[in-house]
Structure formats: C-alpha cells, structure tokens
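Each chain, written out:
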Amino acid sequence: MKKIKKAALSLALSLILVWPAVLSAQVITERYGQGVFANSYGPIKLVVDASVAIKDINSPYVLFILYLAAGEVGQNIVVHRDGITMIYQGQEYKMPPVKELREKYHRQMRDTNLYQISGREGLASTWVRFYKFPTDLDFFPLLSSSSPPVEEGLLTGNIGFRTRCYFKNPGFKKGDEVIIRVTAKNDPNLSNEVTVILE
C-alpha cells in the first residue's frame with residue numbers, strides 16, 4: 001500500500017513540475033473577430049487576417065494577409081517566403097511561386113478589393129496598431145504594382161512586415177482549422193504559429 005501511495009505521490013509531483021512547460025509549449029491563438037487571429041507571444045508576433053479566405057472558401061488559391069513583428073526589442077528577424085507554411089489536416093503546404101499564381105489565378109485584384117471592404121475593427125484591436133508596415137514590400141504584389149515581389153521581410157524595432165500569402169486550396173470546408181506557421185530564416189529556433197478557424 002505504501003508503494004502505491006509513494007508512486008501516486010511521485011506521479012503527482014512530476015506532473016506539477018512538468019505542467020508549466022506543457023502550458024508554455026501550447027500555441028496561444030487570440031480571436032478578434034472578422035476573420036482575424038493573432039499570437040502575440042513568442043519571438044515572432046503574428047496576426048493572420050483570414051477574412052478573404054473565409055468569404056471565398058472555394059477559391060482555388062486562398063489569401064491570408066499576414067502581419068509580422070519581432071517579439072522582443074533589439075531583435076532583427078528575417079522571414080523568407082519559404083519560412084511561411086500552412087498546415088491543414090496534418091499536411092504542410094508552402095506558398096506557390098509568384099509566376100504560378102499569376103499564370104493560374106487571375107483574381108488577385110478581386111481579392112484585394114474584397115479585403116479592402118472588409119471591416120477593420122478586429123485588426124485594429126491587435127498589436128498591429130503600434131507598428132509600421134512598409135507598403136512596398138509584399139510576397140505577392142499586384143501585377144499592376146510598381147514594386148516587384150520580395151523574397152523576404154525584415155522585422156526590427158517597431159517596423160513589421162505585412163504581406164499577402166497565397167496557398168493552393170487543399171479542399172477547405174467551413175469550420176476547418178488551419179495553422180499558419182512562420183519560421184525565421186536567420187534563426188530556425190525563432191518561430192510562431194496561429195490557428196485559424198474558417199467559419
């Protein structure tokens with residue numbers, strides 16, 4: 001009987017010691033409404049505006065607008081386009097090349113217009129309002145834009161990176177969960193992710 005009590009006590013103690021680590025390893029996604037999801041914790045702050053993806057869930061390519069910033073003062077983080085992935089039903093997807101998107105998908109302007117008429121209350125409630133985002137840097141600029149596509153963005157101080165991110169639609173349905181993960185190019189240990197609910 002004493003052995004059983006000792007084992008139970010030992011198990012309870014180990015769970016208490018491990019519990020904070022389990023909590024800290026969990027991804028914390030904040031929901032702000034209107035398709036806006038954020039994770040303000042970790043080395044990379046991340047907001048995903050999925051309003052267009054939610055409204056046009058059957059589109060062959062889906063648009064997410066990402067807002068990225070360094071999580072700590074003094075950090076200089078480089079995010080390459082290949083460091084942004086979408087995870088859906090356990091499968092990881094990378095963004096298509098700009099050339100592929102432009103050849104196979106001709107609704108970028110429509111997506112941009114749809115995004116511009118979406119409400120901004122959810123986005124305005126996030127940390128984004130405290131940062132500056134260069135307007136001439138984008139992984140998927142419009143064809144009519146004078147700015148060429150960039151391969152990476154820099155996060156430093158109060159300067160963040162805002163970009164369109166397109167992914168090929170793997171067969172989304174209303175209510176599905178999608179993870180958007182961002183990993184730094186200059187340090188793979190710096191990463192963060194947000195869980196998006198397509199509802």
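Description of the structure in this document. (Residues numbered from 1 in each chain as written. Predicted model: local features only at pLDDT ≥ 70, side-chain atom pairs only at ≥ 80, totals over all residues. Heavy atoms only, no water.)

### What about the sheet that holds strand β9 (residues 161-168)?
Heads up, the rule is: Here the rule is simple: two strands pair whenever DSSP picks up at least two bridges between them. Segments assigned H or I by DSSP are reported as helices when at least four residues long, segments assigned E as strands when at least two residues long, and all are numbered from the N terminus. Axis definition: a line fitted to C-alpha atoms, limited for helices to the stretch in contact. Angles are taken between N-to-C directions and run from 0 to 180 degrees.
Ordered by their spatial adjacency, five strands build an open sheet running β1-β2-β3-β4-β9, and the pairing between neighbours is antiparallel. For this open sheet the edge positions go to β1 (30-33) and β9, each flanked by a neighbour on one side alone. Taken over all neighbouring pairs, the strand axes of this sheet differ in orientation by 25° on average, direction set aside. Sheet analysis places strand β4 (residues 61-70) next to β9, joined by eight bridges and oriented antiparallel.

### Notes on the sheet that holds strand β7 (residues 91-94)
In space, the four strands of this open sheet follow the order β7-β6-β10-β11, with antiparallel pairing throughout. If you trace the sheet from one side to the other, it starts and ends with β7 and β11 (191-197), each paired once. Going across the sheet, the axis of each strand differs from the next one's by a mean of 25°, ignoring polarity. Across four bridges, strand β6 (residues 84-88) lies against β7 in antiparallel orientation. Note on β7: the bridge partner recorded for Met86 is Tyr93.

### Details of the pairing of β11
Let me state the cut-off plainly: Exposure categories follow from relative accessible area, calculated using a 1.4 Å probe and restricted to protein chains: below 20% of the type maximum is buried, above 50% is exposed, and the middle band is partly exposed.
With five of seven residues buried, β11 is to be regarded as a mostly interior element. In the sheet, strand β10 (residues 177-183) pairs with β11 via seven bridges, with the strands oriented antiparallel. Paired with Arg181 across the bridge in β11 is Glu193.

### Digging into the environment of Ile180
As for its placement among the helices and strands, Ile180 is situated in strand β10. On a C-alpha basis, the gap between Ile180 and Ile87 in space is 6.4 Å, while along the polypeptide they are 93 residues apart.

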